[in-house]
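Structure assessment
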Amino acid sequence: MGAAGARDHRAEARRRARRSRRYRRDVRWSPYAFVAPFFLFFAAFGLFPLLYTGWASLHQVELTAPNEMHWVGLRNFSRLMSDEFFWNALRNTFTIGIISTVPQLLMALGVAHLLHFKLRGSMFFRVAVLTPYATSVAAATLVFVLLFGRDYGMVNWALGQLGLGPVDWQNGTWTSQFAVSTIVVWRWTGYNALIYLAAMQAIAPDLYESAALDGASRWQQFRHVTVPSLRPTILFTCVVSTIGATQLFGEPLLFNGGAGATGGSDHQFQTLGLYLYEQGWVNLHLGRASAIAWTMFLILLLIGAANWLISRALRKETT
Amino acid sequence: MRTRTNATRRVAALAVVAALGAGLLAGCADDGDSKDSTSSGSSSSSGGGGGGARTTLTVGVFGAFGLKEAGLYDAYMKLHPDIEIKQTSIERNENYYPQLLTHLGSGSGLADVQAVEVNNIAEVTATQAGRLEDLGKVRGVDKDAFLPWKWGQATTKDGKTVGLGTDIGPQGICYRKDLFAAAGLPTDREAVGKLWAGDWQKYLAAGERFKAKAPKGAAFVDSASGVMAAITGGSATRYYDGDGKVVYKSNPAVKDAWDTAASFATHGLTAKLQQFQPSWDQGFANGTFATVSCPAWMLGYIQDKAGEAGKGKWDVAAAPKPSNWGGSFLVVPSAGKHRAQAAELAAWLTAPAQQATLFEKRGSFPSARAAYALPAVSGAQHAYFGGAPIGQIFAKAAEGTPVQILGPKDLIIAQNLADVGMLQVDQKGRSPQSGWEAAVKAIDNALDQ
């Protein structure tokens, strides 16, 4: 009995050792297996296209014969420097980005602040502000095109009621850019508001309590408690919105429904995304389109770097 | 107990995997079957429906192409019980065409039969002929049935015909009788045709007469771009010359079309609309313009947009000069699995009888000359357009249209002339000269590789 017991014990120990080896291997490698799908997909649909686009941007290549590539070095990039359509698109992207991102984030902050109050049916309002985000770009834009119509649009009708003349929204530079921005603002304000709301709810209530004890009004609480606590979140939404604005595509494309990617007869609302699309998929110049894509990528890297510097400066300031 | 559940779970998982695997294998086997039926079943078509596996042929088109809507697929499947036809459609040709090119380049993702728009056919014929089947020698294809210029557009220099024409777009002028009457112009379609017969300048003159007494809010024509498209559609040489050189800048025919169309804008005869935009549709519904150059395929569009309210008000007269706008082709990619059957399908779909059906049901005008004599075409009247004999009006325009030289970048040149240059003149009030320069700049940028 004793010897058998000892043998059992040894076997048990061996088994346990084996199991723990397996356990350790499991703990060590399983996470990699679990995250592998993302990286495989990223390599296939993110990294490879990125590198291939970079490779194509160094060639003259047409969509009619995508396998015939002629090496041209940096010519596609250097010609962008003197391409007035590119500069025009860059300028438009910048201005539309500013007039859509700034009001959008300010309004989102305000909406989040209102939603943060105790109010009846708060769930309803939270879902309601998110509904524009759930609408497809195409559907939303098509409705806005009708609203901003020159002859029978509702906006011009309302202006007429106020005694103002009709505005040719699509043809003016500023008017068309304003119209495109309203679509962006309408779609994304609620989304950003919910992000702000989530961050607001993480602010400790005693901060407000003590502020209230000190006699701070709602507005002062908002300025001196809410906004400083939200700083990282605000920075995050700024970055995300800037990236979104740089890649703006669907709204200006559909705002000019019939005419494709020109962005208006004067290219007045042609963004970088639209110009890229026009070069690649209308004019079929894949090499030139790839160069624009990489230039956009580099611009985004610059924005990322600027953000990093700003956030570092802010952190230093607060500590 | 615990190990048991683990074991059962494992068994269940294995069973699922096995089932999926079997499904995959079955899928492959199925594929193999259909491949077999391709090689064996291409000559005989009557399989008796019941037993044999059916071959699925796919047709890729853009927009509401009409083949399906006219019931042609159903008719073909009835004739060939072993064939099943499925259609995939992409709404806009701007999205459809680049996708077709990438699919041709990679040799995958293609439908067995693909549609190609006339503005792209020169580029397809010049650059993709090696990836497409020669349809000129397929059984049932009769070269002489087609209009010679239509046949020539999809034939390479060494005689390979890569596309079979479906429809063409001979043009007339659609006009509003009520607005014409209000402005003191004739309303009978013969008399209206005579107003401008033979010369686009006379169309302009009629516009001036209309404007003098026009009802409030009604312009003579929808857009200057539409006029330009109609005029350029009637000249043999347009953007390219016979040697394949881009000549639009120096071609007097283009310059002439530009000047004439621009004077519609500068004389205030247009409603300043852009075609195929929502505001254009609203223009049809609200009667903001009295005339529009309309290819045969546009009649259905007008009927849709002008609706019941426009019934009895619209009519169609002959255009000043015969011209063509639009039309399509069917091609068969060589990468397809069922090439022989696909070619037979394309041949059948573009045969005169089917083109006549397509015209009868959808208003797409036949590119098969042989169809013009068929009663479905020669006797065709359009109830919405006051019973106009559209078969005869458009057949006359089709036969009078010159053989037009097409070039690979026709679409881009036409688009930039219309949507950049002429639109600036029409909607922004720029001078014809500065509009022209803007268009040239955009075209130069687009054509530069």
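Conventions we followed
- Residues numbered from 1 in each chain as written.
- Chains lettered and ligands numbered in written order.
- Predicted model: local features only at pLDDT ≥ 70, side-chain atom pairs only at ≥ 80, totals over all residues.
- Heavy atoms only, no water.
- Helix = DSSP H or I, 4+ residues; strand = E, 2+ residues; numbered from the N terminus.
- Buried < 20%, exposed > 50% of the residue type's maximum accessible area, 1.4 Å probe, protein only.
- Contact = heavy atoms within 4.5 Å.
- Areas by Shrake-Rupley, 256 points an atom, 1.4 Å probe, with all protein chains shown as cover.
- Salt bridge = Lys/Arg side-chain N within 4 Å of Asp/Glu carboxyl O.
- Buried area = accessible area lost by both parts, 1.4 Å probe.
- Patch = residues over 30% accessible without salt bridge, like charges linked within 9 Å, V, L, I, M, F, W, Y side chains within 5 Å.
- Lys, Arg positive; Asp, Glu negative; His and termini not counted.
- Charge placed at Lys NZ, Arg CZ, Asp CG, Glu CD.
- Polar contact = N/O pair within 3.5 Å; in protein donor to acceptor, adjacent residues only side chain to side chain.
- Arc of directions from axis to C-beta.
- UniProt positions renumbered as here; feature names shortened; annotations may be inferred.
- Axes fitted to C-alpha atoms, helices over the stretch in contact; angles between N-to-C directions.
- Left-handed = near helix turned anticlockwise from the far one by under 90°.
- Nonpolar A, V, L, I, M, F, W, Y, C, P; charged D, E, K, R; others polar.
- Phe/Tyr/Trp six-rings, centres within 6.5 Å; stacked < 30°, edge-to-face > 60°.
- Lys NZ or Arg CZ within 6 Å of the ring centre and 35° of its normal.
- 1 Å grid on protein atoms, 1.4 Å probe; cavity = no way out; pocket = protein on both sides within 12 Å on 5 of 7 lines; lining within 4 Å.
- Points joined across faces, edges and corners; volume = space filled by probe spheres on them.
- Pairing = 2+ DSSP bridges.

1. Some remarks on the overall build of chain A
Along the backbone of chain A there are 12 helices and 2 strands. Reading chain A from its N terminus to its C terminus gives the helix and strand order α-β-β-α-α-α-α-α-α-α-α-α-α-α. Within the span of chain A, comprising 319 residues, buried residues form 39% of the whole. For chain A, the share of sequence-separated contacts (at least 6 apart) that also reach a separation of at least 24 residues comes to 66%. Accessible surface for chain A amounts to roughly 18300 Å². Of this, 69% is attributable to carbon and sulfur atoms.

2. Side note on the overall build of chain B
When helices and strands are counted, chain B shows 18 helices and 9 strands. Expressed as a percentage of the 449 residues in chain B, the buried residues total 52%. When contacts within chain B are restricted to residue pairs at least 6 apart in sequence, those whose partners lie at least 24 apart make up 76%.

3. Considering the pattern of salt bridges
If you walk through the whole model with that rule in mind, you get 20 salt bridges over all chains. With its nearest N and O atoms 3.6 Å apart, the salt bridge here joins Asp315(B) to Lys177(B). Taken together, the residues Asp315(B) in strand β7 (residues 314–318) and Lys177(B) in helix α6 (residues 177–182) connect sequence positions 138 residues apart. For Asp281(B), the salt bridge identified is with Lys305(B), shortest N-O distance 3.7 Å. Of this pair, Asp281(B) sits in helix α11 (residues 278–286) while Lys305(B) sits in helix α12 (residues 298–306), placing them 24 residues apart in sequence. What makes Asp281(B) buried here is its relative accessible area of 18%. Because the salt bridges share partners, they merge into one network encompassing Glu12(A), Arg15(A) and Arg16(A).

4. Observations concerning the interface of chain B and chain A
Contact with chain B, which involves 40 residues of that partner, is made by 36 residues of chain A. Both faces considered, chain B and chain A share a buried interface measuring about 3200 Å² in area, 46% of it formed by carbon and sulfur atoms. The largest share of the area that chain B buries against chain A comes from Lys428(B), Asn445(B) and Gln449(B), three residues that together contribute 20% of it. The interface formed by chain B and chain A holds 4 salt bridges in total. In this structure, the salt-bridge partner of Glu84(A) is Lys441(B), at a minimum N-O distance of 3.5 Å.

5. Quick word on a positive patch on the surface
All names here are of chain A. A contiguous patch of positive charge, built from Arg 7, Arg 10, Arg 14, Arg 18, Arg 19, Arg 21, Arg 22, Arg 24 and Arg 25, is present on the exposed surface. Mapped onto the fold, Arg 22 is located in helix α1 (residues 2–56). The exposed category is assigned to Arg 22, whose relative accessible area is 59%.

6. So, the side chain of Asn283(A)
Relative to the helices and strands, Asn283(A) resides in the loop between α11 (272–282) and α12 (286–318). Once residues lying within four places of it in the same chain are set aside, the contact partners of Asn283(A) are Glu62(A), Glu278(A), Lys409(B), Ile412(B) and Ala446(B).

7. Thoughts on the side chain of Asp167(B)
Residue and element names in this part refer to chain B. Mapped onto the elements of the fold, Asp 167 is located in strand β4 (residues 163–176). Notably, Asp 167 is buried but unbridged: the nearest opposite-charge side chain belongs to Lys 150, and the N-O separation is 5.4 Å. Of note is the side chain of Asp 167, whose polar atom sits 3.2 Å from the backbone nitrogen of Ser 328. Excluding residues that lie within four positions of it along the chain, Asp 167 makes contacts with Lys 150, Trp 297, Gly 327, Ser 328, Ser 364, Phe 365 and Ser 367.

8. Some points on α12(B)
All names here are of chain B. When α12 is considered as a whole, its buried residues turn out to be Met 298, Leu 299, Ile 302 and Ala 306. Along α12, the residues classed as buried sweep out an arc of 105° about the axis, all on the same side. Next to the buried residues of α12 lie β4, α11, β6 (289–295), β7, β8 (324–331) and α16 (390–400). Within two residues after α12, Gly 307 carries a phi angle of roughly 65°, on the positive side.

9. Remarks on the UniProt feature "transmembrane region" (unreviewed entry) in chain A
All names here are of chain A. UniProt's feature table lists "transmembrane region" (unreviewed entry) at residues 29–52, 94–115, 127–149 and 291–310, given in the numbering used throughout. Helix makes up 83% of residues 127–149 and strand 0%, and the two end C-alpha atoms of the span are 30 Å apart. Split by type, residues 291–310 is 100% helix and 0% strand. Its first and last C-alpha atoms lie 29 Å apart.

10. With respect to the packing of helix α3 (residues 84–116) of chain A against helix α9 (residues 218–246) of chain A
Residues and elements named next belong to chain A. It is at 10 Å that the axes of α3 and α9 come closest, and there the two elements cross at 145°. Pair α3 / α9 crosses with right-handed handedness. Across the interface between the two elements, Thr 93, Gly 97, Thr 101, Gln 104, Leu 105, Leu 109 and His 113 of α3 pack against Arg 218, Phe 222, Val 227, Leu 230, Ile 234, Thr 237, Cys 238, Ser 241, Ala 245 and Thr 246 of α9. Along the lines of polarity and charge, the residues of the contact of α3 with α9 split into 8 nonpolar, 8 polar and 1 charged.

11. Digging into the packing of aromatic side chains
All names here are of chain B. Scanning the model with the defined rule gives 48 aromatic pairs over all chains in all. Where Phe 180 meets Trp 196, the ring centres are 6.4 Å apart and the plane angle is 90°; that geometry is what we call edge-to-face. Of this pair, Phe 180 sits in helix α6 while Trp 196 sits in helix α7 (residues 189–196), placing them 16 residues apart in sequence. Across from the ring centre of Phe 329, 4.1 Å away, lies the NZ or CZ of Lys 150, which sits over that ring.

12. Here we look at empty space enclosed by the protein
Under the defined criterion, the tally for this structure stands at 5 cavities of 30 Å³ or more. Estimated volume of the largest cavity: approximately 230 Å³. As for the largest cavity, its lining consists of 15 residues, of which Phe148(A), Gly149(A), Arg150(A), Gln170(A) and Ser279(B) are closest to the centre. Secondary-structure elements contributing two or more residues to the lining of the largest cavity are α5 (137–147) of chain A together with α11 of chain B. No other element matches α11(B), which puts 3 residues into the lining of the largest cavity.

13. Description of the environment of Gly287(A)
All names here are of chain A. Tracing the backbone shows Gly 287 in helix α12. With 232 residues separating them along the chain, Gly 287 and Trp 55 place their C-alpha atoms 8.8 Å apart. Excluding residues within four positions of it along the chain, Gly 287 makes contact with Ala 56, Ser 57, His 59, Val 61 and Asn 76.

14. Here's the deal with the pairing of strand β3 (residues 113–117) of chain B
Residue and element names in this part refer to chain B. Of all 5 residues that make up β3, 5 are buried, and the element is covered over most of its length. Side chains of β3 alternate between two faces, with Val 113, Ala 115 and Glu 117 and Gln 114 and Val 116 buried alike. Of the pairings in the sheet, the one linking strand β1 (residues 55–62) to β3 comprises 2 bridges and is parallel in character. Each residue of the ladder has a partner; that of Gly 60, found in β3, is Gln 114. Here β3 pairs with β8 via 4 bridges, running antiparallel. Within β8, the residue paired with Gln 114 across the bridge is Val 331.

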